[in-house]
Amino acid sequence: MKFAFSLAALAAGATLLFTAFSGSGAQDQPAKMTHVPADAIMTPEQVARDLALAQEAFSRVHPGYTRYASEQDMQEAWAAIQAQADSGQGLPLGDFYLAVNEALTKIRCDHTKAELPRSIRSQRKGQPLYLPVRWEWIEGRALIETAGPGVDAQRGDEILAIDGRAIGDVVQTVSQYIPVDGYTEWSRRSGISQSLEFMGGGVDHFGALLWDIPTEARITMRTADGSQSEVTMDRVSFADWRKLGRKSEANFKDAVTFKTLAKGVGYLSVDTFVNYRDPVKPKKVFQPVFKAMRDDGLETLILDLRRNGGGSGDAQYELLANLIDRPYKPLKEMRAKTLDLDGIRPYLWTWDSRALDPNPLGFSKNDDGTYALRRFVSSDLKTVKPAKYAFQGKLIVLTSDTNSSGSTNMTAWLKELDRAVLVGEKTGGSAEGVTAGLQFTLTLPESGVRLRLPFFYMINNVSSFQEGLGMTPDIAAPMTAAAFREGRDPAMEMAKSLAQAAD
């Protein structure tokens, strides 16, 4: 999942108990890893060894490996990388990383991607590879949100080209490396310009491998009044890039904000469910907020999940408990494709080492050969009951294409219970359920490239869904270029209007 955040408890971070992950089989010895230099050329033989391991591990373990792609599709994707290495008498490490990332996108799982090998990450540290601006890709236009000190650019200025490359061509090129769940193609937008997943966004992250990146960037820009100019900007390091613009809260405990908007109307934003780096008890975060709502006689709540990509199950379920009016089982099943990790175990890592030796007693076998986690094993399969101060009034949930995994699950559950009106944009993720829950990191020994490999398919307890899609808002209120330039928030405006109508 993700450098420091690489092994998130993703959609509903499974709480794994000893019953399922306490097998007594002998543990394989850790594999010897080769951390090749960032500028290394991998031989065709090295590429072949890494690809053989990747193909074996994903085809055997990934529960969504052929959910959207066929076995042949994936075989062809792996074979294309080998053909590239054979024809070029080897493959640069960066090109291998790009090719593997592109192959993994065919699985169509947002939790399935490649991380940079250690050597390239180390090489990038402190290097000026990033544009000194934060920008958003809106309606097919690159609009500047925030500019760094001394940069001649204003909010709403449009980037037309970077170093002579048309921005549309740049975005199209990097988009092929950004995974999405199912057929939610629109959700790639959130990873293009600003993303900690891809260390600054797809354009900067992948662009540094695709093209020669000068320390000074030539930016062709157009202002809101239509005038066009070329501006030179000094690129900055990733650390300096992160200081630009709005801070993205990395931990659940810092990502919950509540305020009263008007009499009887409240606003609650929950920007992440990630609760494993600096964990807290979610009840201690939510209970005072919802008690205050009850004491104040709150009648309408606007819940803003637009910056929430998912995270840990405990935070999700506690929020759900404070929004429902009857008991509900969010998940029908957590399904694993195999319990056999022999041969690939030395190359796997996860936050709970017991998961490397699954105990069959914790699972029941399905007719299709997959394994269902038994309900008494995981708290993620529990029934959620309404909390003491559960909000029972009108609920309006703001959605965006940033939503995936756990935040999309949350909206799917609330809609199943007929508890919310969704306002905003179509989401990523899967209303049916995502492949997540427990995530392995598979390290390829020749290249050092690390691959994220989900273990469970988490099936939501919903009566209907659109295959391969997330959630569609009841009322569409997308961000537009005009609204962005004016500093307006169409989704929030619509939510406030609905709240007033409720009064």
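Residues numbered from 1 in each chain as written. Predicted model: local features only at pLDDT ≥ 70, side-chain atom pairs only at ≥ 80, totals over all residues. Heavy atoms only, no water.

**Q** Can you lay out the pattern of salt bridges for me, pointing to particular residues and giving the numbers?
**A** Inspection of the entire model under this criterion finds 34 salt bridges. Residue R189 is joined to E136 by a salt bridge in which the shortest nitrogen-to-oxygen separation is 3.0 Å. Pair noted here: R189 is in helix α6 (residues 189–192) and E136 is in strand β4 (residues 133–138), with a separation of 53 residues, a long-range link. Here the salt bridges do not stand alone but share partners, grouping D110, K113, E115, E197, R450 and R452 into one network. (Salt bridge = Lys/Arg side-chain N within 4 Å of Asp/Glu carboxyl O. Helix = DSSP H or I, 4+ residues; strand = E, 2+ residues; numbered from the N terminus.)

**Q** Quick rundown of the packing of helix α1 (residues 44–61) against helix α2 (residues 71–87)? Include the residues and the values.
**A** Taken N-terminus to C-terminus, the directions of α1 and α2 make an angle of 165 degrees; their axes are 9 Å apart at the nearest point. Classified by the interaxial angle, the pair formed by α1 and α2 is roughly antiparallel. In this structure, α1 crosses over α2, and the sense of that crossing is right-handed. Judged by residue contacts, P44, V47, A48, L51, A54, Q55 and S59 of α1 engage E71, Q75, W78, I81, Q82, A85 and D86 from α2. Counted by class, the contact of α1 with α2 contains 8 nonpolar, 4 polar and 2 charged residues. (Axes fitted to C-alpha atoms, helices over the stretch in contact; angles between N-to-C directions. Parallel < 35°, antiparallel > 145°, perpendicular 65-115°, else oblique. Left-handed = near helix turned anticlockwise from the far one by under 90°. Contact = heavy atoms within 4.5 Å. Nonpolar A, V, L, I, M, F, W, Y, C, P; charged D, E, K, R; others polar.)

**Q** Just give me the short version of the sheet that holds strand β10 (residues 256–262), but keep the residues and values in it.
**A** Spatial ordering of the open sheet is given by β10-β11-β12-β17-β18-β21, a layout of 6 strands whose pairing is mixed. Taken across any chain shown, the strands that pair with only one partner, and hence form the sheet edges, are β10 and β21 (475–476). Examined bridge by bridge, strand β17 (residues 394–399) and strand β18 (residues 421–424) share 4 bridges and lie parallel to one another. Bridged to L398 within β18 is V423. (Pairing = 2+ DSSP bridges.)

**Q** Describe the pairing of strand β6 (residues 158–162), listing the residues and the values that go with them.
**A** Summarising burial for β6: 5 of the 5 residues are buried, a large majority. Relative to β6, strand β5 (residues 141–147) runs antiparallel, the two sharing 2 bridges. Bridge pairing links A142 to I159 in β6. Here β6 pairs with strand β8 (residues 216–222) via 4 bridges, running antiparallel. What sits directly across from E158, in β8, is R222. Bridge count for β6 against strand β7 (residues 165–166) is 2 bridges, and the pairing is antiparallel. The residue of β7 that forms the bridge with A161 is A166. Counted along the chain from β6 to the antiparallel partner β7, the turn is 2 residues long, and its residue D163 has a positive phi close to 50 degrees. (Buried < 20%, exposed > 50% of the residue type's maximum accessible area, 1.4 Å probe, protein only.)

**Q** An account of the packing of aromatic side chains is requested, with residue identities and associated values reported.
**A** Applying the stated criterion across every chain yields a total of 13 aromatic pairs. Relative to W241, the ring of F238 has its centre 6.0 Å away and its plane inclined at 15 degrees; by these criteria the two rings are stacked. Of this pair, F238 and W241 both sit in helix α8 (residues 238–242), 3 residues apart, roughly one helical turn. You can call F238 buried: its relative accessible area is 17%. Among the aromatic side chains, those forming a connected cluster through ring pairs are Y97, Y177, F198 and F206. (Phe/Tyr/Trp six-rings, centres within 6.5 Å; stacked < 30°, edge-to-face > 60°.)

**Q** Go over the nonpolar core with me, naming the residues and quoting the values.
**A** Counting 127 residues, the largest nonpolar core has W135, F290 and L319 as the members making the most contacts within it. Here this core takes 8 residues from helix α3 (residues 93–105), the largest share from any one element. If we skip the residues at most four places from it in the chain, F290 touches L268, L301, L319, N322, L323, Y389 and F391. Membership of the second largest hydrophobic core comes to 12 residues, among which are Y267, I302, A477 and A491. (Core = buried A, V, L, I, M, F, W, Y, C linked by side-chain atoms within 4.5 Å.)

**Q** Lay out empty space enclosed by the protein with the relevant residues and their values.
**A** Within the structure shown, the criterion is met by 2 cavities of 30 Å³ or more. Its volume calculated, the largest cavity comes out at about 100 Å³. Lining the largest cavity are 13 residues, with I162, V203, W211, I213 and R235 positioned closest to its centre. Element by element, the count of residues in the lining of the largest cavity is highest for helix α7 (residues 202–210), at 4 residues. Considered class by class, the residues forming the lining of the largest cavity number 8 nonpolar, 1 polar and 4 charged. Quantified by volume, the second largest cavity comes out at close to 40 Å³. As for the second largest cavity, its lining consists of G64, R67, Y68, I107, R108, C109, D181, S430 and T435. (1 Å grid on protein atoms, 1.4 Å probe; cavity = no way out; pocket = protein on both sides within 12 Å on 5 of 7 lines; lining within 4 Å. Points joined across faces, edges and corners; volume = space filled by probe spheres on them.)

**Q** Mind laying out unusual backbone geometry, listing which residues take part and the relevant values?
**A** Positive phi is not limited to glycine here, since Q89 has a value of about 55 degrees. Relative to the assigned elements, Q89 resides in the loop between α2 and β2 (91–92). Residue Q89 is classed as exposed on the basis of its relative accessible area, which comes to 70%. We note that M199 has phi near 45 degrees; this positive angle belongs to a residue other than glycine. By the element assignment, M199 lies in the loop between α6 and α7. Look at M199 and you get buried, because its relative accessible area is 13%.

**Q** Could you give an account of α3, naming the residues involved and the relevant values?
**A** Here α3 contains 13 residues, and its C-alpha end-to-end distance of 19 Å stays within 8% of the 18 Å for a straight helix at 1.5 Å per residue. Among the 13 residues of α3, 11 are classified as buried, and the element is accordingly described as predominantly covered. Of all the positions in α3, only L93, G94, F96, Y97, L98, A99, V100, N101, A103, L104 and T105 are classed as buried. (Expected span 1.5 Å × (residues − 1).)

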